[in-house]
Structure formats: C-alpha cells, structure tokens
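Residue-level structure breakdown
Next come the chains, spelled out residue by residue.
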Amino acid sequence: MFSGAQISLYPLADDFVGVILGALGALDPYRDRLSIETDDISTLLVGPPEVLFPAMRDLFVAAAKSGKHCVLSAALSRGCPGEPDDPICRSDEIGGPAVPLDERKRAALGAVRSTPSTDQPVAAQFSLYVMGTGDHMDEIYGCIDFLKQSGVFDRSKNFCTRLRGDAGAVFATLNEAFCRFGPGAGHVTLDITISANSPTAV
C-alpha cells in the first residue's frame, strides 16, 4: 500500500522563511522512516500513518511555537490504486471493515485519549473521502460518531468537520480518522487545514 501527504506550511509573517527553516528540525527524528520530496509548492511525505501524523504535528507545533499565525494545508491518501506499493509505507495501524465499526470507534477513542499534550492549541477542518465502496456513508457516519466523542469536535460545516483543541489530540484524531475508517486495503483520502495563533476571535 502507498500512503503519503502533500503538505504546505504557511507562516503568516514577514519572516516566514525563518519560521519554516526553524521548524524543519522537527522532522529529523522521522527522516529514516519517511521519503521526503520538496518543490516550490509543497512537500511530499511518504510513509506509514503512524509516522506521517506525528511528523506533521511536530513540524506544525514547532512553527506555531514562534507565536506567528501558521497554517498547514495537507492532502493525504492511502491505498490509491494509481500509486505503486512502497515498503516504507508498511503499517499495522490501518484497520478496515474486517474489524467491526463499533470496535474501530472504541480503539480510535482510546488512542486519542492516551495522546500526550503539546500545549499548543489549534483549530482544524477536514474532509474524509472513502473511495470505491458501496457502504462509504456507513464509514463516514461511523467516523463522525467517533469525532463527536473525541474531545476535539467543534462543529460540522459544509463539506467538512471542524476540530479544536491541543495539537496532540487533534493530530491523533486525524490519524484515527485516516486509519480506522474505510476499507483497510482501499483508497481513503483526507483534506486538512490546521491553524494556530490566528488573530481572528474564536
């Protein structure tokens, strides 16, 4: 299976280059388990979800600790039939419909509740897309039920769900949505926007 994320980090500050460069060291602990390719638009991270999400979290938290308004935009995909299998992406985390939906929701909640705090509040919105299955709405509704119990659910919006809370719990919730819902060997994507230190009033 192939899993990866196209990410773009946007510090909304005059010294945005310094904020980005200062945050890149947060990826160092993950470099041996990720393939990383950067161009002038985005950075592709390829690897298993249990590495992808902590790497994105640590990069974003490092940038947000600057105190500047920072936004991370990411498109994640797993199991795309148009991508080749990649050994670096092997994961024990992904569980699909072979495991009953209620059991997957319980496991997802347990994982989120055991996540350590980063002391960095964030807001996020995301959309889950389960491809190529007739029961995709069952999976999406199951994910929504999990989100409402996750402790970081804020509200539903048109085309997406809004989350708010500590970055640790928010990224863990996104990880669980990505891994636990949809077919284990099927195509699932997430579209994510995460913001910290926004001057806009909550």
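Residues numbered from 1 in each chain as written. Predicted model: local features only at pLDDT ≥ 70, side-chain atom pairs only at ≥ 80, totals over all residues. Heavy atoms only, no water.

Of the residues in the protein chain, 96% reach a pLDDT of 70 or more, and the chain-wide mean stands at 91. Taken element by element, the protein chain is modelled with least confidence in helix α4 (residues 136–149), mean pLDDT 91, and with most confidence in strand β7 (residues 160–166), mean pLDDT 97. (pLDDT = per-residue confidence, 0-100. Helix = DSSP H or I, 4+ residues; strand = E, 2+ residues; numbered from the N terminus.)

What follows concerns the pattern of salt bridges. Within the structure shown, the criterion is met by 8 salt bridges. Its salt-bridge partner being Arg57, residue Asp58 comes within 2.8 Å of it at the nearest N-O pair. Judged by its relative accessible area of 22%, Asp58 is partly exposed. Here Arg104 ties to Glu139 by a salt bridge, and the two come within 2.7 Å at their closest N and O atoms. One end of the pair, Arg104, is in helix α3 (residues 101–113); the other, Glu139, is in helix α4, with 35 residues separating them in the sequence. The exposure classification of Arg104 matches that of Glu139, with both residues buried. Among the charged side chains, a network of salt bridges with common partners joins Asp102, Lys105 and Asp145. (Salt bridge = Lys/Arg side-chain N within 4 Å of Asp/Glu carboxyl O. Buried < 20%, exposed > 50% of the residue type's maximum accessible area, 1.4 Å probe, protein only.)

Between two packed helices, the angle of one axis relative to the other and the distance separating the axes together describe the packing. At a minimum axis separation of 9 Å, α3 and helix α5 (residues 167–180) run at an interaxial angle of 155°. Between α3 and α5, the crossing angle belongs to the class labelled roughly antiparallel. Relative to α5, α3 is oriented so that their crossing is right-handed. Contacts between α3 and α5 pair Arg104, Ala107, Ala108, Ala111 and Val112 from the former with Ala169, Ala172, Thr173, Glu176 and Arg180 from the latter. (Axes fitted to C-alpha atoms, helices over the stretch in contact; angles between N-to-C directions. Parallel < 35°, antiparallel > 145°, perpendicular 65-115°, else oblique. Left-handed = near helix turned anticlockwise from the far one by under 90°. Contact = heavy atoms within 4.5 Å.)

Spanning 13 residues, α3 covers 18 Å between terminal C-alpha atoms, matching the ideal 18 Å at 1.5 Å per step. Of all the residues in α3, the buried ones are Arg104, Lys105, Ala108, Leu109 and Val112. End-on view of α3: buried residues confined to an arc of 135°, all on one side of the axis. Counted as exposed and oriented over 90 degrees from the buried face of α3: Arg106 and Arg113. (Expected span 1.5 Å × (residues − 1). Arc of directions from axis to C-beta.)

This part takes up the packing of aromatic side chains. In the structure shown here, the tally under the stated rule is 3 aromatic pairs. Seen in terms of ring centroids, Phe53 and Phe178 are 5.7 Å apart; in terms of plane orientation they differ by 55°. Their pairing is tilted. On the criterion of sequence distance, the pair formed by Phe53 in helix α2 (residues 49–64) and Phe178 in helix α5 is long-range, its members being 125 residues apart. Residue classification places Phe53 among the buried positions, given a relative accessible area of 2%. With 5.8 Å between their ring centres and 25° between their planes, Phe146 and Phe181 make a pair best called stacked. Of the two residues, Phe146 is situated in helix α4 and Phe181 in the loop between α5 and β8 (188–196); the sequence distance between them amounts to 35 residues. Look at Phe146 and you get buried, because its relative accessible area is 0%. Above the ring of Phe178, the side-chain terminus of Arg78 is found at 5.8 Å from the ring centroid. (Phe/Tyr/Trp six-rings, centres within 6.5 Å; stacked < 30°, edge-to-face > 60°. Lys NZ or Arg CZ within 6 Å of the ring centre and 35° of its normal.)

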